[in-house]
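# Survey of secondary and tertiary structure
This is what each chain is made of:
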Amino acid sequence: MRTDKARDDGRAPYQVEVPEEYVLRDEVRWLQAEDNKLFRFLKEAMNKTEAAYVATYPPSECGIATFTQDLVTAIAKYTPFSRPTVVAVKRREEIEPYGKIVRCQILKDDRQSYIDAARYLNDSTVDIVSIQHEYGIFGGTEGDYILDLIRELKKPAVATLHTVLHSPDPNQKRVLQDLAELCQVIVVMVRTGRQMLIDSYGIEPRKITMIQHGVPNVHRVSTAAVTRALGIADRKVLSTFGLINRGKGIEYAIEAMPRIVAKYPNVLYLVLGETHPGVRAWEGEAYRNELLDMVRRLKLENHVRFNNRFLSLDELVRYLCATDVYVTPYLNKDQIVSGTLAYALGCGKAIVSTPYLYAQEVLGEGRGVLVDFRSPDAVADAVIDLLEDPTKKERMESLAYKYGRRTAWFNVAIDYLDLFHRVLLRTRAEKALRQDEVAAEAKK
Amino acid sequence: MEMDLQIRTRTQEGIPVIQLSGEVDAYTCSRFRDAMIDAIEQGHPSIVVSMTDVEYIDSSGLGTLVGGLKRSSEKGGRIAVVCNSSQIRKVFEITGLEKVFPLFEDETEAARELAAHGRRRE
C-alpha cells in the first residue's frame with residue numbers, strides 16, 4: 001500500500017492517497033502456493049464472470065478511457081478467477097502501448113474491425129460484453145459502426161451511455177434506439193437520463209438501469225494539512241480539473257476571481273489538466289492561451305495557476321483534498337455525467353456548479369451550490385458565501401462525502417456485477433426455453 | 001484522522017465475536033485483520049464476524065476475511081458472518097463468498113453453530 005502520510009498539528013497521521021485494494025485477488029493468489037486445498041475450494045465456490053469492455057482505454061487520454069479503466073479494475077478486484085478483456089477503440093494513426101488486458105483492438109473508422117472484434121469475442125470465453133457508449137468514440141455516422149459489432153455478437157451486451165442528448169438529430173436518435181434494441185440493458189448514470197430515454201427516444205423503461213458514476217475510495221482528510229504538503233499552505237484553494245476544452249467555461253470562473261480576491265487575498269484557483277487531445281488537434285492551445293491572456297489582463301497571476309498535463313489519480317485526489325471549493329462552470333446544460341464532479345463529491349468537497357443535468361441531480365439536497373450559466377458574479381457570490389461560512393461549508397462537505405461513499409468504485413463494481421449476473425441468468429433461461437421449444441417441436 | 005471502522009470483540013458460546021461497525025475497506029481492514037489474528041492466536045480458531053453495523057465492505061475487506069479463513073482453517077476453525085443488510089449480503093452473493101463463509105442473521109445462532117462444529121471436531 002502506498003501512503004503519503006502528513007500530520008495535522010502533530011495529531012494522528014492519515015493517508016492522502018488512495019490505497020491499493022487488490023487484497024482479495026492477492027489473498028487468493030497467495031493461497032495457490034500456501035494452501036492449495038483452500039484455493040481449490042474458493043475456485044469452486046466463487047462466481048466467475050468473464051466480462052469484455054468495448055471502449056477507449058488508457059493510455060488514450062479521454063474521460064471514457066479513464067472510466068473504463070476504473071470500472072474494469074474495480075470489478076476485477078471482486079473476481080479473482082475471471083479474466084477481464086478490453087477491446088480498445090483507437091484511431092488508425094495512434095500507436096497505443098496498451099497493457100495486456102487489451103486483447104483486441106478496433107480501428108475507429110474501419111468498419112470491418114468492428115465485425116472482427118465481435119468474432120473475436122464470440123470465439124472467446126467472454127460471457128458478457130459491456131459497451132461504453134459515446135457517439136464520438138466510434139466510427140460511422142454518429143458512431144453507428146458499433147451497431148455492426150453488436151449485430152454480429154452472439155453474447156449478451158449491455159451499454160453504458162455517457163451522453164444522452166436532449167434534442168438528438170435523426171441519426172443520433174436512431175443510433176441510440178438501435179443500441180437499446182440490440183443490447184439487453186442500457187445503463188444510465190442519472191435518473192434524468194433514464195427519463196429522457198423514455199420520453200425522447202421511446203426506449204422501454206424495463207431496458208434501462210441506473211448505476212451511478214464511480215468515484216475513488218478516499219477517506220476525508222484535513223484540507224490544511226494537504227495544502228501544506230503541496231506547498232500552498234495558507235491559501236484558500238478553488239479548483240477545476242479535467243481535460244480542458246471550451247465547454248468547461250473556465251473563463252467565467254476566472255472572471256469571478258477579482259471579486260473573490262478582493263475579499264480573500266490569499267485565494268488560489270487551480271486549473272488542473274491538459275487540453276483535450278481532440279481539441280488540441282483542432283485548435284492547439286488556443287483556448288488555454290485565451291485563459292492565460294485573461295489572467296494577465298485581470299492581473300491574477302498570483303491567484304490562478306494552471307497545471308497543463310494529464311494528472312494521475314493520486315495527483316487528482318491530492319489536489320482535490322487540498323481544495324476548499326470545487327468549481328464546475330460548465331456550459332452545456334444537457335451534460336448528463338461529469339467524472340470530475342463525481343470525484344469531487346467522492347472527496348467530500350464543497351462544490352459550486354452551473355446547473356447542467358448531472359450537477360442538478362447530484363448536488364441536490366444541500367450537496368452543492370448551483371449558479372447561473374456564464375455568470376462570473378454568481379460564481380463569486382457562491383464561493384464567497386461558502387468561504388465566509390465554515391459551518392455551512394462543512395455541512396455541505398459532509399453531505400457530499402456521504403453521497404459519494406455510496407458511489408465509491410467498490411460499490412459501483414458490485415452494481416455492475418449484479419447487473420451482469422442478472423443479464424446472464426435471463427439470457428441462459430431464455431436459451432433453455434428456446435431449446436425446450438425446439439425439442440418439443442421436434443417431438444411433434 | 002480516525003478511520004471509519006470500530007471494532008469490538010466479545011465472546012458468545014465460547015466463540016469470539018468480532019463486531020465491526022462502519023466501513024471495512026482498504027483504509028481500515030488492517031485493524032480487522034489484527035483482531036482476527038489476535039482471536040486465533042489466543043486459541044480460538046473459529047470466529048464469528050458480525051457485520052450487522054457495517055455500511056460498506058470492499059474487496060480488501062473480503063480479502064482480509066479470506067486471509068483470516070486461511071489462518072482459522074489451519075487450526076481446524078471456521079469463520080461465520082452475521083449480516084442483515086441487503087447491500088452487504090449482496091456483496092457475498094455476487095462474489096460467491098456466501099458459499100465460503102456461512103451467513104447468519106443472528107449472532108447467537110452463528111456462535112452456536114461454530115461451537116457445535118468445534119465439539120464435533122473434538
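Each value, and the rule that gives it
Residues numbered from 1 in each chain as written. Chains lettered and ligands numbered in written order. Predicted model: local features only at pLDDT ≥ 70, side-chain atom pairs only at ≥ 80, totals over all residues. Heavy atoms only, no water. Phe/Tyr/Trp six-rings, centres within 6.5 Å; stacked < 30°, edge-to-face > 60°. Helix = DSSP H or I, 4+ residues; strand = E, 2+ residues; numbered from the N terminus. Buried < 20%, exposed > 50% of the residue type's maximum accessible area, 1.4 Å probe, protein only. Salt bridge = Lys/Arg side-chain N within 4 Å of Asp/Glu carboxyl O. Contact = heavy atoms within 4.5 Å. Buried area = accessible area lost by both parts, 1.4 Å probe. Polar contact = N/O pair within 3.5 Å; in protein donor to acceptor, adjacent residues only side chain to side chain. Axes fitted to C-alpha atoms, helices over the stretch in contact; angles between N-to-C directions. Parallel < 35°, antiparallel > 145°, perpendicular 65-115°, else oblique. Nonpolar A, V, L, I, M, F, W, Y, C, P; charged D, E, K, R; others polar. Domains from an automatic or database assignment.

## Quick notes on the packing of aromatic side chains
Both the distance between ring centres and the angle between the ring planes are used here to describe each pair of aromatic rings. All names here are of chain A. For the coordinates displayed, the defined rule picks out nine aromatic pairs over all chains. On the basis of an interplanar angle of 20° and a centroid distance of 5.1 Å, the ring pair of tyrosine 330 and tyrosine 356 is categorised as stacked. One end of the pair, tyrosine 330, is in the loop between strand E13 (325-328) and helix H13 (339-346); the other, tyrosine 356, is in the loop between strand E14 (350-353) and helix H14 (357-362), and 26 residues separate them in sequence. Of the two residues, tyrosine 330 and tyrosine 356, both sit in the buried class.

## So, the pattern of salt bridges
Residues and elements named next belong to chain A. If you walk through the whole model with that rule in mind, you get 36 salt bridges over all chains. Between lysine 263 and glutamate 388 there is a salt bridge whose closest N-O contact spans 3.0 Å. Of this pair, lysine 263 sits in helix H9 (residues 250-263) while glutamate 388 sits in helix H15 (residues 376-388), and the two are 125 residues apart along the sequence. When the shortest N-O distance is used, the salt bridge between lysine 392 and aspartate 385 registers 2.5 Å.

## Let's talk about the interface of chain B and chain A
With 32 residues of chain B at the interface, the matching set in chain A holds 39 residues. Overall, the association of chain B and chain A removes approximately 3,100 Å² of surface from exposure, summing both partners, and the carbon and sulfur fraction of that is 61%. For the pair chain B and chain A, the interface holds five salt bridges. The shortest N-O distance in the salt bridge between B:Asp25 and A:Arg405 comes to 3.2 Å. At the junction of chain B and chain A, the tally comes to 13 residue pairs in polar contact (both at pLDDT 80 or more). At the level of secondary structure, the elements contributing two or more residues to the side of chain B that touches chain A comprise strand E3 (47-57), helix H2 (59-74) and helix H3 (86-95) of chain B.

## Description of the packing of H15(A) against helix H16 (residues 390-406) of chain A
Residue and element names in this part refer to chain A. Packing of H15 against H16 brings their axes to within 5 Å, and their N-to-C directions diverge by 100°. As far as their axial angle goes, H16 and H15 are roughly perpendicular. Contacts from Asp385, Leu386, Leu387 and Glu388 in H15 reach Pro390, Lys392, Lys393 and Met396 in H16. Taken together, the residues of the contact of H15 with H16 break down into four nonpolar, no polar and four charged.

## Regarding the domain arrangement of chain A
All names here are of chain A. Segmentation of chain A into domains returns domain 1 (2-32), domain 2 (42-214) and domain 3 (223-406). A straight line from the C-alpha centre of domain 2 to that of domain 3 covers 30 Å. Every contact between the two is made by 19 residues of domain 2 and, on the other side, 15 residues of domain 3. Per-residue buried area on domain 2 facing domain 3 is highest for Glu61, Val190 and His213; these three make up 38% of the total on that side. Across the contact surface, domain 2 and domain 3 share zero salt bridges. Of all elements in the fold, only helix H3 (63-76) and helix H7 (191-201) reach the threshold of two or more residues within the side of domain 2 that touches domain 3.

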